[in-house]
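Coordinate analysis (summary)
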Amino acid sequence: MLLRKHVHKLLSTYYQQPHSDVVGSIQSSPVNFQKILGKWHWQYIHNKLYKNQEGQWLTPVELFKPHYSRVLGNFVASEADKFKEKSDYERV
């Protein structure tokens, strides 16, 4: 029972924080992925981004901008095109 109360206290404290304190944002220009020399270089850039960002973590959209948003948008658009040909009954 004590562990449950402790976890509840930690989670409620975490979720009561303002959004800007939790989800970070990158203040610098986007990463140029064509110039990354390998895994070690990406890890160096990744660590540098996390040290300089505001908040506790970064979303994939922030890390891989503008590429992640474009890929996600293209996927949603291509999936939506598939549903145009189907009736409402088939979508459900």
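First, a word on what this report is: a plain description of the structure on this page. Computed from a prediction, not measured in an experiment: that's the story for all the values here. Every chain begins its residue count from 1, and numbering advances along the sequence as written. Under the rules for a predicted model, residues below a pLDDT of 70 receive no local features and side-chain atom pairs below 80 are neither given nor counted, while totals for whole chains, interfaces and linings still include all residues. Side-chain figures throughout are based on the complete set of non-hydrogen atoms in the structure, without hydrogens or water.

A few points about unusual backbone geometry
- A cis amide bond, omega 0°, links Lys65 with the succeeding residue Pro66.
- Working definition: helices are DSSP H or I runs of at least four residues, strands are E runs of at least two. Numbering for both runs from the N terminus. Positionally, Pro66 belongs in the loop between helix 4 (60-63) and helix 5 (67-84).

Comments concerning the pattern of salt bridges
- We define a salt bridge as a contact between a side-chain nitrogen of Lys or Arg and a carboxyl oxygen of Asp or Glu at a distance within 4 Å. If you walk through the whole model with that rule in mind, you get 1 salt bridge.
- Residue Glu62 is joined to Lys65 by a salt bridge in which the shortest nitrogen-to-oxygen separation is 4.0 Å.

Quick word on the environment of Leu58
- With respect to the element layout, Leu58 can be found in the loop between helix 3 (39-52) and helix 4.
- Exposed residues in this analysis have more than 50% of their type's maximum accessible area, buried residues have under 20%, and partly exposed residues fall in between, with area computed by a 1.4 Å probe over protein chains only. Note on Leu58: relative accessible area 6%, which makes it buried.
- The spatial distance from the C-alpha of Leu58 to the C-alpha of Ile26 is 8.1 Å, given a sequence separation of 32 residues.

Interpretation note: all reported values are geometric properties and have no functional meaning in isolation.
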